[in-house]
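Okay, here's what each chain looks like letter by letter:
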Amino acid sequence: MGGSAYWTKEIKKADARSAKEGAIKRLDRLHGVLRRLDPVVADRAWRDVGNLLQQTTDRHSVRGSAYWRKEIREADGRSAKEGAIKRLDRLRGVLRDPDPVVANRAWREVRDALQRITERYSR
């Protein structure tokens, strides 16, 4: 998993609870990793996270509301990190409705992709 023993233990405990909690914990870990990097590199990483969350949302959402499009666009204008956080909020809402099996599969995909992003930027 990489990182400190603290994060390894926390991520394993979150994974045991649910795929969603594992994904959220990995996002927390990534946030800590990116704080120590050059802002340009961190911005690129947050864009990667935003793209991942947007693709997952698009796969599981029938359509987007005008509210979310506006919120995400404004957040993207402020920073890539804020855009990624808004996309995470949107994904949480989208994955509340479908079958729990589908939602768990989506959270596992997000969790695994966040792990790859964290490993890429923590080297």
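To be clear, the structure that these remarks concern was listed above.
Residues numbered from 1 in each chain as written. Predicted model: local features only at pLDDT ≥ 70, side-chain atom pairs only at ≥ 80, totals over all residues. Heavy atoms only, no water.

### A short note on the overall build of the chain
Stated precisely, the cut-off is as follows: Secondary structure is summarised from DSSP: a helix means a run of H or I of at least four residues, a strand means a run of E of at least two, and numbering begins at the N terminus for each. Each residue is placed in one exposure class: buried if its accessible area under a 1.4 Å probe, protein chains only, is under 20% of its type's maximum, exposed if it is over 50%, and partly exposed if it falls in between. We get accessible surface area from the Shrake-Rupley algorithm with a probe of 1.4 Å; when it comes to residues, only the shown protein chains can shield them.
Scanning the chain for helices and strands turns up 6 helices and 0 strands. Seen along its three principal axes, the alpha-carbon backbone of the chain occupies a region of about 40 × 35 × 15 Å. Out of the 123 residues belonging to the chain, those deemed buried represent 40%. For the chain, the accessible surface area stands at approximately 7200 Å², while carbon and sulfur atoms represent 49% of it.

### Comments concerning the pattern of salt bridges
Test applied: A pairing counts as a salt bridge when a side-chain nitrogen of Lys or Arg comes within 4 Å of a carboxyl oxygen of Asp or Glu.
All chains considered together, the criterion is met by 14 salt bridges. The salt bridge partner of Asp76 is Arg87, with a shortest N-O separation of 2.9 Å. Of this pair, Asp76 sits in helix H4 (residues 66-78) while Arg87 sits in helix H5 (residues 80-94), placing them 11 residues apart in sequence. Assessed through its relative accessible area of 28%, Asp76 is described here as partly exposed.

### A closer look at helix H6 (residues 100-121)
For clarity, the threshold we go by: Under the convention used throughout, the expected extent of a helix is 1.5 Å for every residue step, that is, one less than its residue count. Any two residues having at least one pair of non-hydrogen atoms within 4.5 Å are treated as being in contact.
Over its 22 residues, H6 runs 31 Å from end to end, which matches the ideal 32 Å to within 8%, given 1.5 Å per residue. Restricting attention to buried positions, one finds in H6 the residues Ala103, Ala106, Trp107, Val110, Arg111, Ala113, Leu114, Gln115, Ile117, Thr118 and Tyr121. Packing partners of the buried residues in H6 comprise helix H1 (5-17), helix H2 (19-35), helix H3 (39-60) and H5.

### Examining the packing of aromatic side chains
This is how the line gets drawn: Pairs were defined over the aromatic rings of Phe, Tyr and Trp, the Trp ring being its six-membered one, requiring ring centres within 6.5 Å. Orientation was assigned from the angle between planes: stacked under 30 degrees, edge-to-face over 60, tilted for the rest.
A full pass over the atoms with the stated rule returns 2 aromatic pairs. Ring centres 5.3 Å apart and planes at 80° place the aromatic pair Tyr6 and Trp7 in the edge-to-face group. Measuring from centroid to centroid gives 5.3 Å for Tyr67 and Trp68, while their planes differ by 80°, and the two rings are edge-to-face.

### Overview of the nonpolar core
Where we set the bar: We define a nonpolar core as any set of buried Ala, Val, Leu, Ile, Met, Phe, Trp, Tyr and Cys residues linked to one another through side-chain atoms lying within 4.5 Å.
Formed by 25 residues in total, the largest nonpolar core has its most connected members in Val49, Trp107, Val110 and Leu114. Counting residues per element, the ones that place at least two in this core are H2, H3, H5 and H6. Top contributing element to this core by residue count: H6, with 8 residues. Setting aside its immediate chain neighbours within four residues, Val110 contacts Ala23, Leu52, Leu53, Thr56 and Leu91.

### Describing H1
Spanning 13 residues, H1 covers 19 Å between terminal C-alpha atoms, matching the ideal 18 Å at 1.5 Å per step. Structurally, H1 contributes buried residues whose contacts are with H2.

### Remarks on the packing of H1 against H2
Helix packing geometry: the angle between the two helix axes and the distance between the axes. The condition is simple: Interaxial angles span 0 to 180 degrees and are taken between N-to-C directions of axes, which are lines fitted to C-alpha atoms, for helices over the stretch in contact. Here the angle decides the label: under 35 degrees means roughly parallel, over 145 means roughly antiparallel, 65 to 115 means roughly perpendicular, and every other value means oblique. Residues are grouped as follows: Ala, Val, Leu, Ile, Met, Phe, Trp, Tyr, Cys and Pro are nonpolar; Asp, Glu, Lys and Arg are charged; all remaining types, including Gly, are polar.
Interhelical geometry of H1 versus H2 gives an angle of 155° and a closest axis separation of 7 Å. What the angle tells us is that H1 and H2 run roughly antiparallel. Every residue of H2 that contacts H1 at Trp7, Glu10, Ile11, Ala14, Asp15 and Arg17 is listed here: Glu21, Gly22, Lys25, Arg26, Asp28 and Arg29. Class assignment for the residues of the contact of H1 with H2 results in 3 nonpolar, 1 polar and 8 charged.

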